[in-house]
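What the coordinates show
Take a look at the letters that make up each chain.
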Amino acid sequence: MVTFKKAGEKDIPLIQNLAEKSWKSAYSKILSKDQIEYMLTEMYSQKEISNHLKNPNYFYYLILQDEVPAGFIGFEFHYEKDTTKLHRIYLLEEFKGKGLGKKGLKFLKEKVSETSDHRIILNVNKDNPAKAMYESQGFRVFHEEVFDIGNGYVMDDYLLEFKF
């Protein structure tokens, strides 16, 4: 059974652990080891996640399969006018291909439908096979962009959207 548990400050170490494990398997063929380490340090520090959790519109949920942490989702309501941003959804390798990502997106759509937002956006690396899963759930590419993330690294992404 898949469940979603709202995460809080006490869950930050677990989120960090899930991020590290899922990133290393998801991005090892796409990004250099150094870039993965840099991004994990920048995006998943205690301070960074804590700041997200202090934002009343930013939420993290643990994705549990039979009470076992399988991954997490992080999103922000009202990121832009009428728009929620899916900042992150990651699963451990052993839980991929079991429908948890699709259930995570369904959960997100349900949460967004409880707000005034009418659109969900996300970034996905151009070489990430997860793009096909997003598209199978109704997301469409609306832009491409290369983002300078510092330290000589860039993110070469598709921007996808889902409209209600």
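For the structure given in this document, a descriptive report is provided here. (Residues numbered from 1 in each chain as written. Predicted model: local features only at pLDDT ≥ 70, side-chain atom pairs only at ≥ 80, totals over all residues. Heavy atoms only, no water.)

Some points on the overall build of the protein chain
The following threshold applies: Helix numbering and strand numbering both begin at the N terminus, where a helix is a DSSP run of H or I of at least 4 residues and a strand a DSSP run of E of at least 2. Only C-alpha atoms enter the radius of gyration; for comparison, a globular chain is expected to reach 2.2 Å times N to the power 0.38, where N is the number of residues. Remark: exposure states derive from per-residue accessible area (1.4 Å probe, protein chains only) relative to the maximum for the residue type, with buried under 20%, exposed over 50%, and partly exposed in between. Working rule for contacts: check all heavy atoms of both residues, and any pair within 4.5 Å makes them a contact. Per-residue and other accessible areas follow the Shrake-Rupley method at a 1.4 Å probe size, with only the shown protein chains counted as cover for residues. When charges are counted, neither His nor the chain ends are considered; positive counts come from Lys and Arg and negative counts from Asp and Glu. Lysine's charge is taken at NZ, arginine's at CZ, aspartate's at CG and glutamate's at CD.
Counting secondary structure elements, the protein chain contains 5 helices and 7 strands. Ordering the α and β elements of the protein chain from the N terminus gives β-α-α-α-β-β-β-α-β-α-β-β. The globule rule puts the C-alpha radius of gyration for 164 residues at 15 Å, and the 15 Å found for the protein chain is close to it. Viewed in the frame of its principal axes, the protein chain has a C-alpha envelope of about 40 × 35 × 30 Å. Relative to its full complement of 164 residues, the protein chain shows a buried share of 44%. A separation of at least 24 residues holds for 59% of the contacts in the protein chain among residues at least 6 apart in sequence. Total accessible area on the protein chain stands at roughly 8,600 Å², and carbon and sulfur atoms take up 50% of it. If the 24 positive side-chain charges of the protein chain are averaged to one point and the 25 negative ones to another, these points end up 4 Å apart.

Let's talk about the pattern of salt bridges
Rule in force here: Any Lys or Arg side-chain nitrogen found within 4 Å of a carboxyl oxygen on Asp or Glu counts as a salt bridge.
Overall, the coordinates contain 13 salt bridges when judged by the stated rule. For K5, the salt bridge is made with D11, and the minimal N-O distance between the two is 3.4 Å. With a relative accessible area of 6%, D11 lands in the buried category. For R119, the salt bridge is made with E80, and the minimal N-O distance between the two is 3.3 Å. With a gap of 39 residues between them, R119 in strand 5 (residues 119-125) and E80 in strand 3 (residues 68-80) connect regions that are remote in the sequence.

Comments concerning helix 3 (residues 46-54)
Using the following cut-off: By definition, the arc is the one covered by directions from the helix axis to the C-beta atoms.
For helix 3, the full list of buried residues reads I49, S50 and H52. Buried positions in helix 3, seen along its axis, are confined to an arc of 155° and lie on one side of it. Residues of helix 3 that are exposed and point over 90 degrees away from its buried face: K47 and K54. As for helix 3, its buried residues are in contact with helix 1 (12-27), helix 2 (33-43), strand 2 (58-65) and strand 4 (83-91).

Quick look at unusual backbone geometry
Among all residues save glycine, negative phi is the norm, and among peptide bonds the norm is trans. Residue D66 is not a glycine yet carries a positive backbone phi of 50°. As for its position among the elements, D66 is in the loop between strand 2 and strand 3. Located in the positive-phi region is D82, a residue other than glycine, with phi close to 60°. If you trace the backbone, D82 turns up in the loop between strand 3 and strand 4. Residue D82 is classed as partly exposed on the basis of its relative accessible area of 31%.

A short note on the layout of surface pockets
As a reminder, the rule being used: A 1.4 Å probe that fits but cannot get out identifies a cavity on a 1 Å grid over protein atoms alone, an open set with protein on both sides within 12 Å along at least five of seven lines counts as a pocket, and a residue lines either if it has an atom within 4 Å of a point. Grid points are joined across faces, edges and corners, and a volume is the space filled by probe spheres set on the points.
Estimates place the volume of the largest pocket at around 1,000 Å³. If you trace the largest pocket, you find 42 residues lining it, with Y27, I89, Y90, N128 and Y134 closest to the centre. The element that contributes the greatest number of residues to the lining of the largest pocket is strand 4, accounting for 7 residues.

Focus: the packing of aromatic side chains
Centre-to-centre distance and the angle between the planes together describe a pair of aromatic rings. The test is simple: Aromatic pairs are defined between Phe, Tyr and Trp rings, using the six-membered ring for Trp, whenever the two ring centres lie within 6.5 Å; interplanar angles under 30 degrees are classed as stacked, those over 60 as edge-to-face, and all others as tilted. Either the NZ atom of lysine or the CZ atom of arginine qualifies as a charge over a ring when it sits within 6 Å of the ring centre and within 35 degrees of the ring normal.
Under the defined criterion, the tally for this structure stands at 18 aromatic pairs. Ring centres 5.5 Å apart and planes at 45° place the aromatic pair F139 and F162 in the tilted group. Placement of the pair is F139 in the loop between helix 5 (130-136) and strand 6 (140-150) and F162 in strand 7 (residues 153-163), with a sequence separation of 23 residues. Each residue in the set W23, Y27, Y44, Y58, Y60, F72 and Y90 is aromatic and connected to the rest through ring pairs, giving one cluster. Positioned above the aromatic ring of Y158, the side-chain terminus of K126 is 5.7 Å from the ring centre. The ring of Y158 carries the charged tip of K131 above its face, separated from the ring centre by 4.9 Å.

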